[in-house]
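Report on the structure
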Amino acid sequence: MTIPAPGAIDCDIHPALPGTHVLLPYLDEYWRAHVRMRGLERDNYNAAAFPVNAPINARPDWKPPRGNAGCDFDTLRTQALDGFGTKFAICNVLHGAQAIFSEDLSAAFCRAINDWVAKEWLDRDPRLRASIVVPMHSPELAAREIERCAADQRFVQVLVWEMQEIPLGRRQHWPIYRVAEQLDLPIGIHAGSSYRHPPTNLGWPSYYLEDYISWSTGFAGVLNSLISEGVFVEFPRLKVVLMESGVTWLPAWMWRANKTWRGVRAEVPWLEKSPAEYAREHVRVTSQPFDAPPNAAMLRKIIEEIDCEDMLMFSTDYPHWHFDGNDALPDGLPEHLLKKILVDNALKTYPRLTS
Ligand code: ZN
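Criteria and thresholds
Residues numbered from 1 in each chain as written. Predicted model: local features only at pLDDT ≥ 70, side-chain atom pairs only at ≥ 80, totals over all residues. Heavy atoms only, no water. Helix = DSSP H or I, 4+ residues; strand = E, 2+ residues; numbered from the N terminus. Polar contact = N/O pair within 3.5 Å; in protein donor to acceptor, adjacent residues only side chain to side chain. Buried < 20%, exposed > 50% of the residue type's maximum accessible area, 1.4 Å probe, protein only. Lys, Arg positive; Asp, Glu negative; His and termini not counted. Salt bridge = Lys/Arg side-chain N within 4 Å of Asp/Glu carboxyl O. Contact = heavy atoms within 4.5 Å. Disulfide = S-S within 2.5 Å. Phe/Tyr/Trp six-rings, centres within 6.5 Å; stacked < 30°, edge-to-face > 60°. Core = buried A, V, L, I, M, F, W, Y, C linked by side-chain atoms within 4.5 Å. Pairing = 2+ DSSP bridges. Axes fitted to C-alpha atoms, helices over the stretch in contact; angles between N-to-C directions.

**Considerations on the side chain of N92**
If you trace the backbone, N92 turns up in the loop between strand 2 (86-91) and helix 3 (103-120). Looking at N92, its side chain comes within polar contact range of the side chain of S131, at 2.5 Å.

And the structure:
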């Protein structure tokens, strides 16, 4: 179905750094000298999973006259904001900073990226909001960065990769969830990996084809971990947003998770509800790429099986190439659900979007 839709909230767009050198003014004196000494500003640190010229990562008509897709403000404003009638759009900067092994260097780059996105993007258009980039492998530094950025109400979420050093539910991460819950910030979990481990269950793959397809199984593991470890019991107000996870795997995951939980629930006595119930209450999913079935009847059946009208939220994933023209949602979504997907569910998920 063709968008624009008045007041639509786009929960996943990707402004891109033209290069690491643009972060130099946003680093403090020590880190600026350190980066220059090592020559790091000459590397781009684009996340390895997103080769800039691969068709999936840069829709041909969304490339700016110069530079990589997502780098040019005027192009993004015209195409991603004006083009879809967007009221708010959440900027998720995908960058290798979050995967750097040194916790201090990773934190320094994350701080610089957050300040860069505030100055170079948020200040230039009142429709833009952003996620806070954090060094997830250093929970103490990550929590500190969340608190620092949260003073700016235009930061509405915390951004992390789905695949980290350890599963996202583990208690090592809980200081991050504690501060996020206190500050009304959902945890936005984006497709991709910090590549501490093979992204498939079988070992290291050879091709992007294998890597990309395996991401949906990674998201299932994320939900298994968050729910089993009791994250939503400890943090009852916390929401997580799965970005680029796809949608249609959810009913099968819910069935398997519930069935298995009934058999081994004695080992997780803190769970007061089934995994599917926790997911419906705490988990939200962005719409692109929407792995929609080939006809509207099948799509409606899957929506029925998910059995929660609050879970789906609109996204374009600009400038990544998942659809042509403005066909940003599949045909056949129930009429009453469209407004929820386009507007209402995001407003309920992101308390800061009202300001
Ligand atoms: Zn995305």
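Read on, since the account is not over.
**So, the side chain of E244**
Tracing the chain through its elements places E244 in the loop between strand 6 (240-243) and helix 8 (250-264). Despite being buried, E244 has no salt bridge partner; R59 is the closest side chain of opposite charge, sitting 14 Å away. Engagement of the side chain of E244 in a polar contact is seen with the side chain of H190, the distance being 2.9 Å. Ignoring any residue separated from it by four or fewer positions in sequence, one finds E244 in contact with D12, H14, H190, A191, F219, T286, Q288, P289, D317, H320 and H322.

**Section: the state of the cysteines**
Counted by the stated rule, this structure contains 0 disulfides. Left unpaired, C91 is separated from the closest cysteine sulfur, that of C11, by 12 Å.

**Focus: the packing of aromatic side chains**
Counted by the stated rule, this structure contains 12 aromatic pairs. Measuring from ring centre to ring centre gives 4.7 Å for W62 and Y318, while their planes differ by 45°; the resulting arrangement is tilted. One end of the pair, W62, is in the loop between helix 1 (29-38) and helix 2 (73-81); the other, Y318, is in the loop between strand 8 (312-313) and helix 11 (335-349), with 256 residues separating them in the sequence. Taking relative accessible area as the criterion, W62 reaches 4% and is therefore assigned buried. Residue classification places Y318 among the buried residues on the basis of a relative accessible area of 1%. Plain terms: the ring middles of F73 and W121 are 5.9 Å apart, the flat faces sit at 65° to each other, and that makes the pair edge-to-face.

**Quick notes on the nonpolar core**
Counting 121 residues, the largest nonpolar core has L128, Y177, I187 and I189 as its most contacted members. Per element, the largest residue contribution to this core is 9 residues, and it comes from helix 3. Setting aside chain neighbours within four positions, we find I189 in contact with V160, W161, E162, L168, F219, V222, L226, V240, V241, L242 and M243.

**Digging into the sheet that holds strand 7 (residues 283-286)**
Sheet architecture is open: 8 strands sit in the order 1-2-3-4-5-6-7-8, paired in parallel fashion. Edge positions in the sheet fall to strand 1 (8-13) and strand 8, since each has one partner strand and no second. Contacting strand 3 (128-133) and strand 4 (155-163), helix 4 (residues 139-150) runs over the sheet at an angle of about 160° to strand 3.

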